[in-house]
Amino acid sequence: MLRNYLKTALRNLRKHAGYTLINLVGLAAGLACCLLIVLFVLDELSYDRFHDQADRIYRIYFSSSRASGTEMQAPLTPAAMTAALVEEFPEVEAATRILGFRGQRTVRYEDRSFVEEGIYYVDSTFFDVFSFPVRRGRPQAAFAAPNRVALTEQAARKYFGDEDPINKTLVFSDTAFYQVVGIVADAPPNSHFQFDFLVSMPSLWSHPAFRDDDWISDNFYAYLLLRQGADPAALEAKLLDLVARRAGAQMQEFLGYSFDDFLAQSRLTYFLQPLLDIHLRSHLQYELWPNGDVAYVYLFTAIAVFILLIACINFMNLATARSAGRALEVGVRKALGAQRAQLVRQFLSESMLLAFGAMLLAVVLAAALLPVFNALAHKALTVAVLFRPSVLLAMLGLVLGVGLLAGGYPAFFLSRFQPVTALKGAAQTGLQRSWLRNGLVIFQFAISIGLIVGTAVVFNQLHYARTKHLGFDCEHVVVIRRVHELGAAVEPFKQALLDDPRVVRAARAHATPGGTFGYQSFLPEGWDDNKTAHMTPLFTDHDLVETLRLEVVDGRDFSRSLSTDSSAFLINEAAVRMLGWETPVGKRLTMPGATGQEDTRTGEVIGVVADFHYASLHDEIAPMALLIYPRPLPALAVRLQPDDLPRTLAFLEATWRRFQPGKPFQYTFLDDDFDALYRADERLAQIFTAFALFAVLIACLGLFGLASFTAAQRRKEIGVRKVMGATVSQIVLLLSKDFTKLVLAAFVLAAPPAYFAMRRWLDAFAYRVDLSWLIFLLAGLLALLVALLTVSYQSVKAALADPVESLRYE
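Model, not experiment: these values are computed from the prediction. Sequence order as written defines residue numbering, which begins from 1 separately in each chain. It should be noted that, the model being predicted, local features are given only for residues of pLDDT at least 70 and side-chain atom pairs only at 80 or more, the latter also being counted only at that level, while totals for whole chains, interfaces and linings use all residues. Based on all heavy atoms of the structure, the side-chain values leave hydrogens and waters out of the count.

### So, the overall build of the protein
Phase 1 of the analysis: Numbered from the N terminus, helices here are DSSP runs of H or I no shorter than four residues, and strands are runs of E no shorter than two. Across its full length, the protein carries 25 helices and 25 strands.
Phase 2 of the analysis: Under the scheme applied here, a residue whose accessible area is under 20% of the maximum for its type counts as buried, over 50% as exposed, and between as partly exposed, the area being computed with a 1.4 Å probe on protein chains only. Counting over 810 residues, the protein shows a buried share of 51%.
Phase 3 of the analysis: The contacts in the protein between residues at least 6 apart in sequence include a share of 79% that link residues at least 24 apart.
Phase 4 of the analysis: Carbon and sulfur atoms provide 58% of the accessible area of the protein, an area that totals close to 36000 Å². Residue contacts are counted whenever heavy atoms from the two residues lie within 4.5 Å of one another. Per-residue accessibility takes into account occlusion by the displayed protein chains alone, with areas from the Shrake-Rupley method and a 1.4 Å probe.

This is the structure in structure tokens:
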């Protein structure tokens, strides 16, 4: 019996090949988009779940707000905090610290030398908390000693090839020697941080800026493994009291005020953050690694649902449009003795067969498009996920749902007709003016218009970010990296560059716009002794203002002829507003040192620079202080003449190799560094565009099929009108105006939710474009134009048909 239904279904589908092709391609395209987004969402939701005890791991972060209005939230803790937690609170089973090395370091083994970034200092308890498999060695025990390092499998192959790396020595920055004590499995792509080298934490304590018993400086990422049944909220409530009891004496010794005084004006709070929330729900400052965003998961899930709805609407619309013709089929079959149950099974078998074929085609399409999608989403997804039992069951359920949805109308409605009613054609009356079909067309075009609006707004904001004046000139500025490795040769190297006429200016800095900046507490003149201000320090030399062409709006720039400028400050306009100084020039600032009075900086504010964007437009310009730093700094910003940049870059590299032979010459263009801040937004724009095009294409496929059936249904009417003298243009207008009304109704339906959705997305930018009504108007006109072009072929074809043939129809 089933075989007969399938054979009849295949025969019907072949008989109406055009209808079948439109439905198959439209539904397959929608399902392929859905499958790609399912792969993306499953990957995003899988982050850090590979750890054996992931549900019991928490990260500590603090929130601090000042009366001045500055606010910070960062996953950083004092060095001594984790040991105290294990000591005082039995609910903490294990705790570990991570210090991420910011920037690049040269790592060398014999004649192999590479520049590396994924270097972390970790405790010996790192492997008690996290489940990164150890392939060789025993780093858990060896990490109790300094100068020990564990490598990932990939890094081991890179440096040692087929050699046994255990007990070999790696040299970091030509100054630090580390013994290899273990090989660790590569971090999975769905880990919220990636690493290549794990260095034993005691290696830090020889550095003057770090102390194992430090309770003042927040530098370390702290992770806790709680015991089974422990209450995270109860532990969280005790964190601030622990810091208050332990940090007070050090704060009084080094900063000169008590912890209570500090707490009174800082409003400090500590929180526990579940490990499984970090990738998607953590948007703190100074994250260990760039995170995702749960909003994008919701957004892409909604897009998948909408595109699938568009495809299903096409399926249903074409099924209902064909129902008029199939009503006659129902009448004939019932007259010949067919039962209603048989008709229901026949109609459903056709829709199920078509849905199943579309799913198979969708899997092929998804596999073919996956490399492009991976490039857009910055992922390494594979179709293997689709063959998990749970995903296969979901796909089967989707096929059944789509098949039932599309085949439901002819199966359960038409099969009720009495043979006489069906054969007389009475069933066609309501089909020509189907409110359901019109409503579905409006809904699918409303979705398409919403996606077009979203694409336009995202691109408009990105264009604004690229063209907005940033407060400095980043054109033709090259940033040479790791110049601190030159040591005392930094200034001779810089002067050798300036001696060439192709180099305009050069300045050293610890960071450049687009890079990573920290924060520092300052003691401003006129404030209470126990009251500090959070500002971003920019350590540099005398030449940064002229190199970046910053604007000095009050006072003056640093001068080499004045020795007092070595302790002076420049501040930006945001700092002036935060500090509340009407006349900032001449005021004094103190920057407390991390290790006491020996590195405390007190000096005079000699000038104010105009605000400039050193971070992305997502963030407001924060208060900043520029100060001269005599020690080596990692970056050298070099402004070049715009002529013949390739030869100038070759000169820079040759000069570098003269001063630092054997070390790679690394540089970036400053404008590229700043553009990199918007890569995630650019990927969003590209994905939005791709899915908007898919949505419009699928909607147009359905509209094309619907127009062909409408033209066929009105063929006799068109013949009569032509005989009565109607022109081709009048016939085309007649057939197009109904679809025009539907698109206009879709625009009215789509505009309000699209406005509020994009308004919310723009709220993530501190500096953003206005949401212009022109974007909505253009999106509506574009959708209307596409719809008219889609139906015009069928309209013109019907208008040009011979009226004699039209009147012979039926």
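We are not done yet, so read on.
### Examining the nonpolar core
Phase 1 of the analysis: Buried residues of nine kinds, namely Ala, Val, Leu, Ile, Met, Phe, Trp, Tyr and Cys, make up a nonpolar core once their side-chain atoms join them within 4.5 Å. One finds Phe445, Val453 and Phe472 to be the most contacted residues of the largest nonpolar core, which totals 118 residues.
Phase 2 of the analysis: Ignoring sequence-local partners within four residues, the contact set of Val453 consists of Ala754, Met758, Ile775, Phe776 and Ala779.

### What to know about the pattern of salt bridges
Phase 1 of the analysis: The term salt bridge refers to a pairing of a side-chain nitrogen on Lys or Arg with a carboxyl oxygen on Asp or Glu at a separation within 4 Å. Evaluation of the coordinates by the stated rule reveals 33 salt bridges.
Phase 2 of the analysis: In this structure, Asp543 and Lys494 form a salt bridge, with 2.6 Å as the shortest nitrogen-oxygen distance. Note that Asp543 is positioned in the loop between strand S18 (533-540) and helix H17 (544-548) and Lys494 in helix H16 (residues 490-498), a separation of 49 residues in sequence. Like Asp543, the residue Lys494 is buried in the burial classification.
Phase 3 of the analysis: Between Arg759 and Asp763 there is a salt bridge, with the nearest N and O atoms lying 3.9 Å from each other.
Phase 4 of the analysis: Each of Glu491, Lys494, Arg505, Arg508, Asp541, Asp543, Glu546 and Arg560 takes part in a single network of salt bridges with overlapping partners.

### Some remarks on the state of the cysteines
Phase 1 of the analysis: Two cysteine sulfurs form what is called a disulfide whenever their separation falls within 2.5 Å. With the rule as written, the count across this model stands at zero disulfides.
Phase 2 of the analysis: Of the cysteine sulfurs around Cys34, a residue in no disulfide, the closest is that of Cys33, at 8.6 Å.
Phase 3 of the analysis: In this structure Cys34 comes out as buried when scored by relative accessible area, which is 12%.

### A short note on the confidence of the model for the protein
Phase 1 of the analysis: The predictor's confidence in any single residue is recorded as pLDDT, a number from 0 to 100. In the predicted model, the protein carries a mean pLDDT of 82, and the fraction of residues at 70 or more is 82%.
Phase 2 of the analysis: Per-residue pLDDT stays below 50 along residues 426-433; that stretch engages in 13 contacts with residues further than four places along the chain or on separate chains.

### Focus on helix H3 (residues 81-88)
Phase 1 of the analysis: For H3, the complete set of buried residues consists of Met81, Thr82, Ala84 and Leu85. In an axial view of H3, the angular spread of the buried residues amounts to 160°, which keeps them on one side of the axis. In H3, the exposed positions angled more than 90 degrees off the buried face are occupied by Ala83 and Glu87. It is the directions from the helix axis to the C-beta atoms whose arc is reported.

### Description of unusual backbone geometry
Phase 1 of the analysis: Look at Glu110: it is not a glycine, yet its phi comes out positive at around 55°.
Phase 2 of the analysis: Of note, the phi angle at Asn147 is positive, near 60°, even though the residue is not glycine.
Phase 3 of the analysis: Relative to the assigned elements, Asn147 resides in the loop between helix H5 (139-142) and strand S9 (148-152).
Phase 4 of the analysis: Judged by relative accessible area, Asn147 falls into the partly exposed class, the value being 32%.

### A word on a negative patch on the surface
Phase 1 of the analysis: Surface patches are defined over residues having more than 30% relative accessible area and no salt bridge, joining like charges when they lie within 9 Å and nonpolar side chains (Val, Leu, Ile, Met, Phe, Trp, Tyr) when within 5 Å. Counted as positive: Lys and Arg. Counted as negative: Asp and Glu. His and the chain ends are not counted at all. Charge coordinates come from a single atom per side chain, which is NZ of Lys, CZ of Arg, CG of Asp or CD of Glu. A contiguous patch of negative charge, built from Glu110, Asp111, Asp162 and Glu163, is present on the exposed surface.
Phase 2 of the analysis: Locating Glu163 in the fold gives a position in the loop between helix H6 (153-160) and strand S10 (169-172).
Phase 3 of the analysis: What makes Glu163 partly exposed here is its relative accessible area of 34%.

### Description of the packing of aromatic side chains
Phase 1 of the analysis: Two rings belonging to Phe, Tyr or Trp (six-membered ring only in the last case) form a pair when the distance between their centres is within 6.5 Å. Interplanar angles under 30 degrees mark stacking, angles over 60 mark edge-to-face geometry, and anything in between is tilted. Per the counting criterion, the structure on display carries 38 aromatic pairs.
Phase 2 of the analysis: The interplanar angle of 80° and the centroid separation of 6.1 Å between the aromatic rings of Phe472 and Phe612 together place this pair among those described as edge-to-face. With Phe472 in the loop between helix H15 (435-467) and strand S15 (477-481) and Phe612 in the loop between strand S22 (601-609) and strand S23 (624-628), this residue pair connects regions lying 140 residues apart in the sequence. In this pair, the class of Phe472 matches that of Phe612, namely buried.
Phase 3 of the analysis: A network of ring pairs unites the aromatic residues Phe50, Tyr120, Phe126, Phe127, Phe130, Phe132, Phe143, Phe193, Phe195 and Tyr223 as a single cluster.
Phase 4 of the analysis: A cation sits over an aromatic face here: Lys158 above Phe114, 4.7 Å from the ring centre.
Phase 5 of the analysis: The ring centre of Tyr767 lies 5.4 Å from the NZ or CZ of Lys468, which sits over that ring. Here, a charge over a ring is recorded when the distance from Lys NZ or Arg CZ to the ring centre is within 6 Å and its angle to the ring normal is within 35 degrees.

### Points about the environment of Phe315
Phase 1 of the analysis: Its place among the elements puts Phe315 in helix H10 (residues 294-321).
Phase 2 of the analysis: Sequence separation of Phe315 and Ala355 is 40 residues, and the distance between their C-alpha atoms is 9.2 Å.

### A short note on the pairing of strand S11 (residues 176-184)
Phase 1 of the analysis: Counting buried positions over the nine residues of S11 gives seven, a clear majority of the element.
Phase 2 of the analysis: With five bridges joining them, S9 and S11 adopt parallel strand pairing. In the sheet register, Thr152 faces S11, and the bridge partner there is Val184.
Phase 3 of the analysis: The pairing of S10 with S11 spans four bridges and is classified as antiparallel. Along S11, the bridge assignment pairs Phe172 with Ala176.
Phase 4 of the analysis: Should DSSP find at least two bridges between two strands, the strands are regarded as paired. Connecting the antiparallel pair S10 and S11 is a turn made up of three residues, with Ser173 showing a positive phi of about 55°.

### What about a nonpolar patch on the surface?
Phase 1 of the analysis: Residues Val305, Phe306, Leu309, Phe443 and Leu749 make up a contiguous nonpolar surface patch of roughly 390 Å² in combined accessible area.
Phase 2 of the analysis: Top element by residues in the nonpolar patch is H10. It accounts for three residues.
Phase 3 of the analysis: Within the element layout of this structure, Phe306 appears in helix H10.
Phase 4 of the analysis: Phe306 gets classed as partly exposed once you look at its relative accessible area, which sits at 34%.

### Considering the environment of Phe674
Phase 1 of the analysis: Its place among the elements puts Phe674 in helix H20 (residues 670-675).
Phase 2 of the analysis: Separated by 59 residues in sequence, Phe674 and Ala615 have C-alpha atoms that sit 7.9 Å apart.
Phase 3 of the analysis: When neighbours within four sequence positions are excluded, Phe674 is seen to be in contact with Leu470, Phe472, Pro513, Gly514, His613, Tyr614 and Ala615.

### Details of the side chain of Thr512
Phase 1 of the analysis: One can find Thr512 in the loop between strand S16 (503-509) and strand S17 (520-524).
Phase 2 of the analysis: Classification of Thr512 as buried rests on a relative accessible area of 3%.
Phase 3 of the analysis: Aside from chain neighbours lying at most four places away, what touches Thr512 is Val479, Arg481, Phe517, Ala635, Ala637, Leu670 and Asp673.

### So, the packing of H16 against helix H19 (residues 645-659)
Phase 1 of the analysis: Fitting a line to C-alpha atoms yields each axis, with helices limited to the stretch in contact; the angle taken between N-to-C directions then spans 0 to 180 degrees. Relative orientation of the contacting elements H16 and H19 amounts to 150°, with a least axis distance of 10 Å. Comparing the axis directions of H16 and H19 gives the class roughly antiparallel. When the axes of H16 and H19 are compared, the crossing they make is right-handed. Seen from H16, the contacting residues are Pro492, Phe493, Ala496 and Leu497; seen from H19, they are Phe651, Leu652, Thr655, Trp656, Arg658 and Phe659.
Phase 2 of the analysis: Classifying every residue of the contact of H16 with H19 by side-chain character gives eight nonpolar, one polar and one charged. When describing relative orientation, an angle under 35 degrees is termed roughly parallel and one over 145 degrees roughly antiparallel, while 65 to 115 degrees is termed roughly perpendicular and anything else oblique. The handedness criterion is simple: a crossing whose near helix is rotated anticlockwise from the far helix by less than a right angle is left-handed, and one whose near helix is rotated clockwise is right-handed. Any residue outside Ala, Val, Leu, Ile, Met, Phe, Trp, Tyr, Cys, Pro, Asp, Glu, Lys and Arg is labelled polar, Gly included; the first ten of those are nonpolar and the last four are charged.

### A few points about H6
Spacing of three or four residues puts side chains on the same side of an α-helix, whose turn is 3.6 residues.
Phase 1 of the analysis: Buried residues of H6: Ala155, Ala156, Tyr159 and Phe160, and no others. Viewed along the axis of H6, the buried residues span an arc of 100°, placing them on a single side of the element.
Phase 2 of the analysis: Among the residues trailing H6, Gly161 stands out with phi positive, at a value near 60°.

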